[in-house]
Every structure is written in C-alpha cells, then in structure tokens.
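Observations on chain architecture
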Amino acid sequence: MSDAVIALQGITKRYASGRVRVEALRGIDLVIRSGEMVAIMGPSGSGKTTLMEILGCLLQPSEGQYRFKGRPIHQIPPDGLAALRGTELGFVFQSFNLLPRLTALENVELPLSYRGVTARERHARAHEALLRVGLAERLRHLPSELSGGERQRVAIARALINRPSLILADEPTGNLDSRTGEEIMALLHTLHGEGNTVVLVTHDTRIGDQVERRVAIRDGRIETDTRSP
Amino acid sequence: MVLVEAIRQAFRTLRTEKLRSFLTMFGVLWGTASVVFLVSWGLGVQAMMEAGYSRAGKNLMQAWPGVIGEQFTPATDRRELWFTTADVTAVREQVRIIDAVAGEARMWSTVVFREKTFSTDVRGVEPAQTELRGVRMAAGRGISRADLDHRRRVAVLGTEARRRLLGARGGIGSWIRIKGQPFQVIGIHARVGTQLWRDQGEELDAQVWIPLTAFFAFGPRFGSDADIVNTILLRLRDRRDYDDAKREARAIIGRRLRVSATDEEAVRIASSLDQLRKLPLEQTSTVLLLLGTTTLLIGGIGILTMMLDSVQERRQEIGVRLAVGARRRDILGQFFLETFVMTALGGLAGIALGVAGCRVLASFETADLIPLPILRAEIVFIALGVMTGVGIASGIIPAWRAAKVDPSVTLRAE
Ligand SMILES: Nc1ncnc2c1ncn2[C@@H]1O[C@H](COP(=O)(O)OP(=O)(O)O)[C@@H](O)[C@H]1O
Ligand SMILES: [Mg+2]
C-alpha cells in the first residue's frame, strides 16, 4: 500500500493545570496511510481533540514519537512546524474559527499569505477552493453574514487551499444541524474520493459508521481500530 | 507576512474599532502636536527675549565713569571720574576684541515744535550710533560725519518723539527748538519697540538725537571745558567675548584715567547681556521639550493598553493564524506594525496639527513681547524621533504577548 502519512508511537499527553494532573493520552500507537479516511470516535473528554492537536503540530506530546511522512516532528524547529502546518496540513474546527473581520475569500487566502504567494495567485486559488466547496456566490461576505454550514465550507476551503497531505477535522458537524452536517460529511467524502487523506473526529456514531476506518478511543487509549471491507 | 498586509490589517482594526482607535490615537496626536508646539514656542520665547534685550543695541556694552573704588585709594574724598571725546578716540584706536566704539552725551531737555512742548531725553551721538543701536530709518537720514564736522543743528527723532512733538503736521524739514536753539529734523527712526533693557533714560523711540558736536555747543558741562561724554558704547563681535571685552575696555580706559584696570567702581560697564545671560532660556526649552515628550508618552501608554486589550480579544485570531502556518515572528510583526501604524498615524496628524497651529499663530501681528512660536525643521524631526520611539516602545509589549498565545488553548474555545 501507500506510505504512512502519520506514524504515532507511544504518544502520551499530560496536562498540568494547577495541582491537578490530567493524562489526556496514555500511549497511542497509530499509523495512517496516504489516501485513507479515518474517523476517531469516543465520548467527550476521551482525548480526541488533544490527539488532533498533536497530529496538527499545535501541541507537543509529553512522550512518544510522532513521524510525519517519516520525519520525526520533535526534530523540526518551530519555523519548520509553522511551514508544515501551512503546507501539509489543513485544519477544520468544530467552531469554524474563521477570522470575523475577513471576508470568505480573505479567510481562504490566509494560509497563502504566510507562504509569500502573490495577491493575484491567492485570489485565483481561493476562488477555486471556494468553488470546490460550492460557495462561489459568497466570496465577499463576512463570516457573520454566512450560515453555519456555509462557514464550515469556507473553513474547508481554507484547509484545502494548500493542497495538504492531510486534512484534520475536529467534530466538523458538531455545531451544525443534522441536514447541514450530512452535507459537510458528503463534501469530506468527496474530498476523500479525490484522493485526500482525511482524519475526522466525531462522537456521533452515525457519522463515524459511514467512514471506512474507525478508531475508538476511551480515556486516552485506543480501544478498537476497525475497517469496513 | 509582508508590510503591506500588516498595514492593511492595522487600517482594518482602525475601521472596525473607530471610536476606541480614535480616542487612543488622539493621545499620540495631542502628544506630538504638543512637542512641536511647545518646542517652537520655547524658541519663540527665546527669540522674543533676545529681541527685547537687544533693542538697546545687539551685543552692545556701555561704559560709565564712576568714582575710584575704596580699595584703590587711601583718600576719603574719592576722585570722581569723567570721560571725554579724547578717551573715546583712545579707546577706538586701542581696542582689539571690541569691534566698534562711539561716545554719547545726554541731557534731559524741553523740545519745542510750534506751540507744542515736550520734555525728553536728548542725545549727542556720532554717526556710528544708528548701527550700534540697531535702529533703522523710517524717513530721511541719520546723523552723518559731515553733521558732526560742521556742528550742524540737525535732529533725528524716534517715532514716539515724532508723534508727540510733530503730530500729523510736521515731518522731515520741520524746525524744532532744543533748549531754545533751532534744529532741523532730518530723519525719523523706525519703531524700535519695547526694550527689555535700557540705559538710564528714555527708550529709543522717545529719544531725540543730535550731532555730538552740536550737543557740546550748548556750552560747558559739569564746569569743565572738555568735551565730556556720558557713556562710551562698545560693541562686541561675538557675545562670548563679553568678559574679555570688559577686561579690555577697563584696561584701556583705566590707563587713560590713571585708575586700576580692575576697579569696577571707577569704570562701570553694563550690558543687556548681563540679564540675558541670567535668563534660564536653555532650561526653559528643555522643560518644554520634556513636557511635550511626557504628553506623547502618555499617549503612547494609551495605545499600549488598547493594544494589550486587543491582543486579549483576538487570541482566537492569533490561534487561527498559527494553525494555518504563521510563524511566531509573523504574529509579532503583525501586532508590532499595527501598533506602530496607529502611533504613526496619530503622530503624523499631531505633527500636522502642531505645524498648522504654529503657522497660524506665527502669522498674527502682535504687540511687542508676546512670544510667537518659531517653527524649525529640526523640531519636526525631534517630534518624529520621539514619536518613533514611543511607537516602538508601545508596540513591543503587545506584540510579544501576541506571539506567546497558545493556539491549542484558544482554538478549543467555543
Ligand atoms: N489545556 C488543558 N489543560 C488541562 N486539561 C486539559 C486541557 N485540555 C484538555 N484537557 C483535559 O484533557 C482531557 C481530554 O480532553 P480533550 O482532548 O478535549 O477531549 P475530547 O476532545 O475527546 O473531548 C479532558 O479530561 C480535558 O479536561
Ligand atoms: Mg473535543
């Protein structure tokens, strides 16, 4: 099969907030290959978001090794991680996380502006990305002028803009009604169908069951890792 | 993230937070305007003082005869001294540091024009006085060498003397009487204005000048046949020479009068420079600059606190930017530039306001001795410099805070 995009080995994460120490992750081993779509499932507080943040290089694990496309993450300097986030990873959050003062188009352009891409090319590519998520009509709107589903589409367009090796979506349907949620899921499935690697977090089994590979975690440990035929 | 992008972002922040931005920028605006205005005004005060003190003659000192100092004579009846034209000539020949010399005699006299009588300060002068006193002619001419040589009965009037004596009816060519003798008016001085320093007597504007020789023609003074002058005017090339020039004058005059060169009671020397040197003009400028700078600093603190708030409110934004590939230094630069752009906008507007204020005020014609701001290019550069300093100082802390935001925490917030 194809190469591993992600290889986690014995990943733990401890939070020390005040006197209380929380072990959010306790020894995660996980390999995700290029072109896969994986649903990470588990109850609230099981460590799903923490895992996503580690995968997204927004958080350093307390122990264990994380290799991204074979490169150990802990050996990459901060600027290198920023570049990796900007070029290899695309983030989709539960609460959309669009910048409220920027238009849809500008929000989508944002990752490119840190890559030194010219304004002209930024426009063209952001336009194209919004077209792919079916939002060609809403380019100049501010997030506050868009519906929840539309906002999440903008966020997905932003995640796609750099043609990343990996799309990370943390409960992308969590703030949406079920019909809109299904539309967003359909979009993610389409992207997967086009060859993108997608990792998706959800606590909704109906959504998880549509996905070919499901990883269930509980109390910071992987419980099951199942594949549909 | 490039400069243009950060500047656009700064303008976006300004637009969305109009009132708050305006209020904070106003602090910097007022601060830079204060720097420009106060420093210019300080220069104005200085210039006004200098002008006021040099209206008796710029860099001019005057020597009076006195009595021999106690420590220089055993006699109880200390010898009274006087200056003659011969002394003036001797001084003129011997001076090195001093650049021009003239003798002057004076009396208080009634001056009559037709039925009008006016008591004033009448001075016997040499041609050099016009230049030494720094007066310009409003009409006619000044006292000439020929006037002295021929003891001409001619007079030059100050504006005030002319106004009170001749009124609207008389001008150049009018005949006036001084101590009963007829004199013809040959010139009128341009207005000098209020003098912050003067020798004992009227201000220049109220004086009547006649040739020194014509003055002596009124007869012997102080029971002496010699041509006695009241003062010797001595002009310096440079005011820094004042102390040396004083020493030189005392040495020369002392030799002539056979008194000690260090006898300050025998040869009394005074100048407007005595007072001018005592004025704390430089300190005043410094205080004004400090005042302006402090105002600007307070404005800078306003921007600093506003930006700290802004960073706190925009942690989510910072998290998103980090998640999509911004480096810490991009965030640092963005917030620094935002702060700096705001400071610069406020500052430039403040400089414009300060310059405009100075221009408007300086265009007013005012009475004497009301200081008007004097604007110089250096002042604008000082204001720009201080503003840049304040901009950098108030930009660093918020930027540093922004760059320390933890994306994983902020992105979880609902
Ligand atoms: N910044 C943090 N400080 C302390 N504890 C944290 C922090 N973030 C998450 N946790 C804790 O770690 C555990 C896992 O949280 P999280 O990864 O958000 O789970 P999930 O996304 O599955 O709900 C929870 O017990 C949570 O309270
Ligand atoms: Mg979560």
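Residues numbered from 1 in each chain as written. Chains lettered and ligands numbered in written order. Predicted model: local features only at pLDDT ≥ 70, side-chain atom pairs only at ≥ 80, totals over all residues. Heavy atoms only, no water.

Our focus in this paragraph is unusual backbone geometry. Glycine aside, residues mostly have negative phi, and peptide bonds are mostly found in the trans state. Residues and elements named next belong to chain A. Notably, phenylalanine 96 is not glycine yet its phi reads approximately 65°, a positive angle. Within the secondary structure, phenylalanine 96 is located in the loop between strand 6 (89-92) and helix 3 (104-113). Positive phi, normally seen in glycine, also occurs at arginine 163, with a value near 45°. Note on placement: arginine 163 falls in the loop between helix 5 (148-160) and strand 7 (166-170). (Helix = DSSP H or I, 4+ residues; strand = E, 2+ residues; numbered from the N terminus.)

What follows covers the side chain of glutamine 46 of chain B. Residue and element names in this part refer to chain B. Tracing the chain through its elements places glutamine 46 in helix 2 (residues 18-53). A distance of 3.5 Å separates a polar atom in the side chain of glutamine 46 from a polar atom in the side chain of serine 285. Contacts of glutamine 46, omitting those with residues within four sequence positions, involve Leu281 and Ser285. (Polar contact = N/O pair within 3.5 Å; in protein donor to acceptor, adjacent residues only side chain to side chain. Contact = heavy atoms within 4.5 Å.)

Take the nonpolar core next. Ile6, Leu8, Leu55, Tyr66 and Phe68 of chain A are the most contacted members of the largest nonpolar core, which has 69 residues in total. The biggest single contributor to this core is helix 12 (residues 328-362) of chain B, with seven residues. Beyond its immediate chain neighbours, meaning those up to four positions away, tyrosine 66 of chain A contacts Ile6, Ala7, Leu8, Ile11, Ile54, Leu55, Cys57, Arg71, Pro72 and Ile73 of chain A. If you look at the next biggest cluster of nonpolar residues, it comprises 64 residues, including Phe216, Val229, Leu236 and Ala249 of chain B. (Core = buried A, V, L, I, M, F, W, Y, C linked by side-chain atoms within 4.5 Å. Buried < 20%, exposed > 50% of the residue type's maximum accessible area, 1.4 Å probe, protein only.)

Attention shifts here to the pattern of salt bridges. Residues and elements named next belong to chain B. Per the counting criterion, the structure on display carries 42 salt bridges over all chains. Between glutamate 50 and arginine 239 there is a salt bridge, with its nearest N and O atoms 2.9 Å apart. Taken as a pair, glutamate 50 in helix 2 and arginine 239 in the loop between strand 11 (231-236) and helix 8 (242-257) lie far apart in primary sequence, 189 residues in all. A salt bridge links arginine 145 to glutamate 126; its shortest N-O distance comes to 3.9 Å. Of the two residues, arginine 145 is situated in helix 5 (residues 145-149) and glutamate 126 in the loop between strand 4 (116-125) and helix 4 (129-132); the sequence distance between them amounts to 19 residues. Under the relative-accessibility criterion, arginine 145 is labelled partly exposed at 43%. The buried category is assigned to glutamate 126, whose relative accessible area is 8%. What emerges from the salt-bridge pattern is a single network uniting Glu104, Arg106, Asp121, Arg123, Arg133 and Asp199. (Salt bridge = Lys/Arg side-chain N within 4 Å of Asp/Glu carboxyl O.)

Turning our attention to the packing of aromatic side chains. Residue and element names in this part refer to chain B. Inspection of the entire model under this criterion finds six aromatic pairs over all chains. Judged by centre distance (5.9 Å) and plane angle (15°), the ring pair of phenylalanine 26 and tryptophan 30 falls under stacked. On the criterion of helical spacing, the pair formed by phenylalanine 26 and tryptophan 30 is a turn pair, its members being four residues apart in helix 2. When its relative accessible area of 45% is taken as the criterion, tryptophan 30 is described as partly exposed. Put simply, the rings of Phe22, Phe26 and Trp30 touch in pairs and so form one group of aromatic residues. (Phe/Tyr/Trp six-rings, centres within 6.5 Å; stacked < 30°, edge-to-face > 60°.)

By a widely used convention, the size of an interface equals the accessible area lost when the partners come together. Contact residues are listed per partner, giving 27 residues for chain A and 29 residues for chain B. Across the interface of chain A and chain B, roughly 2,300 Å² is buried in total on both sides, 52% from carbon and sulfur atoms. Seen at the junction of chain A and chain B, the total is two salt bridges. (Buried area = accessible area lost by both parts, 1.4 Å probe.)

What follows deals with the site of ligand 1. The local shell around ligand 1 holds 13 residues, among which Gly45, Lys48, Thr49 and Thr50 of chain A together with Arg412 of chain B are the closest. A distance of 2.7 Å separates an oxygen atom of ligand 1 from a polar backbone atom of glycine 45 of chain A. In this structure, an oxygen atom belonging to ligand 1 sits 2.5 Å away from a side-chain N or O atom of threonine 50 of chain A. If you list the elements that add at least two residues to the shell around ligand 1, you get strand 1 (4-17), strand 2 (20-33) and helix 1 (48-55) of chain A. The dominant element in the shell around ligand 1, judged by the number of residues it contributes, is helix 1 of chain A, at three residues. Residue classes in the shell around ligand 1 are distributed as four nonpolar, seven polar and two charged. (Near = heavy atom within 4 Å. Nonpolar A, V, L, I, M, F, W, Y, C, P; charged D, E, K, R; others polar.)

The next subject is the confidence of the model for chain A. Of the residues in chain A, 99% have a pLDDT of 70 or more, and the chain-wide mean is 92. Least confident of the elements in chain A is helix 7 (residues 205-208) of chain A, whose mean pLDDT is 89; most confident is strand 3 (residues 37-41) of chain A, at 96. (pLDDT = per-residue confidence, 0-100.)

Our focus in this paragraph is the sheet that holds strand 6 of chain A. Residues and elements named next belong to chain A. The mixed open sheet is built from six strands, whose spatial order is 6-7-8-3-9-10. Edge positions in the sheet fall to strand 6 and strand 10 (221-227), since each of these pairs with one other strand and no more. For this sheet the average axis-to-axis angle between neighbouring strands, irrespective of direction, equals 15°. For strand 3 and strand 8 (residues 198-202), the ladder comprises five bridges, and the chain directions are parallel. Residue isoleucine 40 lies in a different strand from strand 8, and its bridge partner there is valine 201. (Pairing = 2+ DSSP bridges. Axes fitted to C-alpha atoms, helices over the stretch in contact; angles between N-to-C directions.)

Residues and elements named next belong to chain A. Across the sheet, which stays open at both edges, the four strands sit in the order 2-1-4-5 with antiparallel pairing between neighbours. Two strands in the sheet have a free side with no partner beyond their single neighbour: strand 2 and strand 5 (71-72). Relative to strand 1, helix 1 is tilted by about 120°, and along the sheet it contacts strand 1, strand 2 and strand 4 (63-68).

All names here are of chain B. Most of strand 3 (residues 98-113) sits out of view: 12 of its 16 residues are buried. Where strand 3 and strand 11 come together, six bridges link them in antiparallel fashion. Bridging from a neighbouring strand, isoleucine 98 pairs with leucine 236 of strand 11. Note that strand 3 and strand 4 share nine bridges and pair antiparallel.

Residues and elements named next belong to chain B. When the domains of chain B are assigned, the result is domain 1 (2-53 + 280-413) and domain 2 (67-265). In this structure, domain 1 and domain 2 have C-alpha centres spaced 56 Å apart. Taken together, the six residues of domain 1 in the interface contact seven residues of domain 2. Summed over both sides, the interface of domain 1 with domain 2 buries roughly 570 Å², with 53% coming from carbon and sulfur. Joining domain 1 to domain 2, the criterion identifies one salt bridge. Summed over the shared surface of domain 1 and domain 2, the number is two residue pairs in polar contact (both at pLDDT 80 or more). When its residues are assigned to classes, the side of domain 1 that touches domain 2 shows three nonpolar, one polar and two charged. (Domains from an automatic or database assignment.)

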